[in-house]
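These are the residues of each chain, in order.
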Amino acid sequence: MTVRRSVAVAAIAVGLLLGLGAAAAAPPPAAPVEPAAVPAADRLQWFREAKFGLFIHWGAYAILGREEWARQLLQIPRDEYRDMALGFDPTAFDPDAWAALAKEAGVRYAVITSKHHDGFALYDSALSDFDVKGARYGRDVLGPLAASMRRAGIPLGFYYSIMDWHHPDYLPRRPWEKDRPVKGADFGRYMDFAAGQLRELVTQYDPAVLWFDGEWEHSNEEQRAFAIGKTLLDMKPALLINDRLYRREPGFGDFGTPENFVPATGVRNPDGSPRLWEACVTMNWNGWGYNRTETEFRSAPQLIRQLVEIVSKGGNLLLNVGPGPDGRIPEEFAVRLRAIGAWLRANGEAVYGASASVFDRLPFFGHCTVKGRTLYLHVMGWPNDGRLRLPGLRTEVDKAYLLADRAKALAFGREGKDVVVRLPARAPDPDAAVVAVELAGDPAVEPFAIVAGKDGRVELPVCLADLRSEMGQRAYLDHFYRTTMLANWQNVNDYPEWTFTTAKPGTYEVRASYAGMWGGAAGYEVEVDGKRLAAKTEPSPSVYFPATFPVGMVELGAGRHTLRVRITGIVNNHAMNLEKVVLVPAAR
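Rules used in this analysis
- Residues numbered from 1 in each chain as written.
- Predicted model: local features only at pLDDT ≥ 70, side-chain atom pairs only at ≥ 80, totals over all residues.
- Heavy atoms only, no water.
- Helix = DSSP H or I, 4+ residues; strand = E, 2+ residues; numbered from the N terminus.
- Phe/Tyr/Trp six-rings, centres within 6.5 Å; stacked < 30°, edge-to-face > 60°.
- Lys NZ or Arg CZ within 6 Å of the ring centre and 35° of its normal.
- Axes fitted to C-alpha atoms, helices over the stretch in contact; angles between N-to-C directions.
- Parallel < 35°, antiparallel > 145°, perpendicular 65-115°, else oblique.
- Left-handed = near helix turned anticlockwise from the far one by under 90°.
- Contact = heavy atoms within 4.5 Å.
- Nonpolar A, V, L, I, M, F, W, Y, C, P; charged D, E, K, R; others polar.

### Some details on unusual backbone geometry
(1) Moving on: The linkage connecting leucine 171 with the following residue, proline 172, adopts the cis geometry, with an omega of 5 degrees.
(2) Moving on: Checked against the element boundaries, proline 172 lands in the loop between strand S3 (156–161) and helix H7 (187–205).
(3) Moving on: With a phi angle near 70 degrees, glutamate 67 is a residue other than glycine that sits in the positive phi range.
(4) Moving on: Here glutamate 67 shows up in the loop between strand S1 (52–56) and helix H3 (70–73).
(5) Moving on: Although it is not a glycine, aspartate 529 sits at a positive phi angle of roughly 50 degrees.
(6) Moving on: Relative to the elements of secondary structure, aspartate 529 occurs in the loop between strand S23 (523–528) and strand S24 (531–536).

Rendered as structure tokens:
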């Protein structure tokens, strides 16, 4: 640490001891940006309407090409890592090119890592020389990027890791760091440093969002979460702060941050009210930062569908890229961003500013978003009979049409409690074709319930399931010519769940319809009200063509039931492509 920076740290610490309110002694930037004051009632509105953001994980770890946790995963000693990091020299970094790509992709805001867990800062911090200014590159990254994004009309936010593997006062050490004693380390002094860096970021760059992470090793009290949050909002009332400053505790922070999965029914506050949330998602499967060996990427159609699903559940998508050590965004990311942007240019009105679906369930593969009195049905599995059923829609329909062909009205009519829209023979977009349904009044929908048919059978297609998951979701719905199935089922924590009702008690045979993966023999179980039926998959006509197989028998009383299907073993990378589960009344 240089003398200049040591003095600055001491000055910041004095300010923090006085209540985090005094200005830092570090010299201000040449042209500081004054934080804009926005009334509290309006501060969340732009974020709520934006729906699509770009996440950028970039830092000195890109040199190694083994993602952002490289120092931990490879157990690189601190000083050795520091020497490597200070060689960071992204001579091809072009902030205007990044901003142009973001604009072409249709993102409405961006967030970049200002400092990740390795402690290396992407700006010239007066509090540390372990930053981009002290590296071979020798100049700021965040300032030029903020200016480019501003010219493109894209608000920029900063990710900031509370965890810091480099700072001498951050505790605990990594378990494998036997050569780094803890004697003399002071976590409180580290938090002085962290709060000082946050002050620098707000005063020098005026970020729209502070996106915290790395908070799980300490309590809110140890991390001064509430004091820091208050100080930041005093500095800039319009600033948005995610829930990770507060250990992701429900109800704290401006928005929740599920990571690499889509919550089955969105996110709610402790009182049950809808919660503003943002799913942060990688395009690739292995890491957030640059990974030079990466070969697995989500397809553009899958990412478009995921964006729609998230918006239909009241959330935003923060989609990640990991630029390389030279400062270029790899083409694997860029081509997907451009594809999403092309889809949004045709269908963006059904995404930006849209609210969550009014339907509990839709009996087809797709999702609904809403703007005022217009429903947008994003159809991802074109109905074979050309009939798009909107279950329980009480409001009368004025008009229906495809966004791809607004001039041509679609026929519609009422069938009992449902509205049915007639579709053309072919989908104008195989990934997500949007049908707009304009209503005569505010949308009103009856609750949806899965019940037995007239023959007593209970049909449970995957499009009616809640797909439960957690960090690392792999499974997703896909359409295979005539049928929709749960595909890419590789993670045992992903599972479909249905709730249904039977009018009277009875015995049922459980049948599963699936496409077995390359010969079958993967393990799975069907759980009905806690009773588990174990089975192994059997060969089907092909990996894309399902067949129906018996699983076992269950006794059900009258009333509400829950059924789940879980995988217990995988063969040839996947368990199965699941189409549906059927409960058939046993012959008397």
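This is not the end of the story, as more comes after the structure.
### Thoughts on the packing of aromatic side chains
(1) Moving on: Inspection of the entire model under this criterion finds 30 aromatic pairs.
(2) Moving on: On the numbers, 5.2 Å between centres and 85 degrees between planes, the contact of tyrosine 170 with tyrosine 190 is edge-to-face. With tyrosine 170 in the loop between S3 and H7 and tyrosine 190 in helix H7, the pair connects residues that are 20 residues apart, well separated along the chain.
(3) Moving on: Taken together through their ring pairs, the aromatic side chains of Trp58, Phe88, Phe93, Trp98, Phe120 and Phe130 make up a single cluster.
(4) Moving on: Sitting over the face of the ring of tyrosine 352, arginine 108 holds its NZ or CZ atom 3.5 Å from the ring centroid.

### Examining the packing of H7 against helix H8 (residues 225–235)
(1) Moving on: Closest axis-to-axis distance for the H7/H8 pair is 11 Å, and the angle between their directions is 20 degrees. Relative to H8, the element H7 is oriented roughly parallel. For the pair H7 and H8, the crossing hand works out as right-handed. Of the residues in H8, those in contact with Met191, Ala195, Leu198, Arg199, Val202 and Thr203 of H7 are Ile228, Thr231, Leu232 and Met235.
(2) Moving on: Each residue belonging to the contact of H7 with H8 can be placed in one class, and the counts come to seven nonpolar, two polar and one charged.

Without other data, these values stay purely geometric and don't point to any function.
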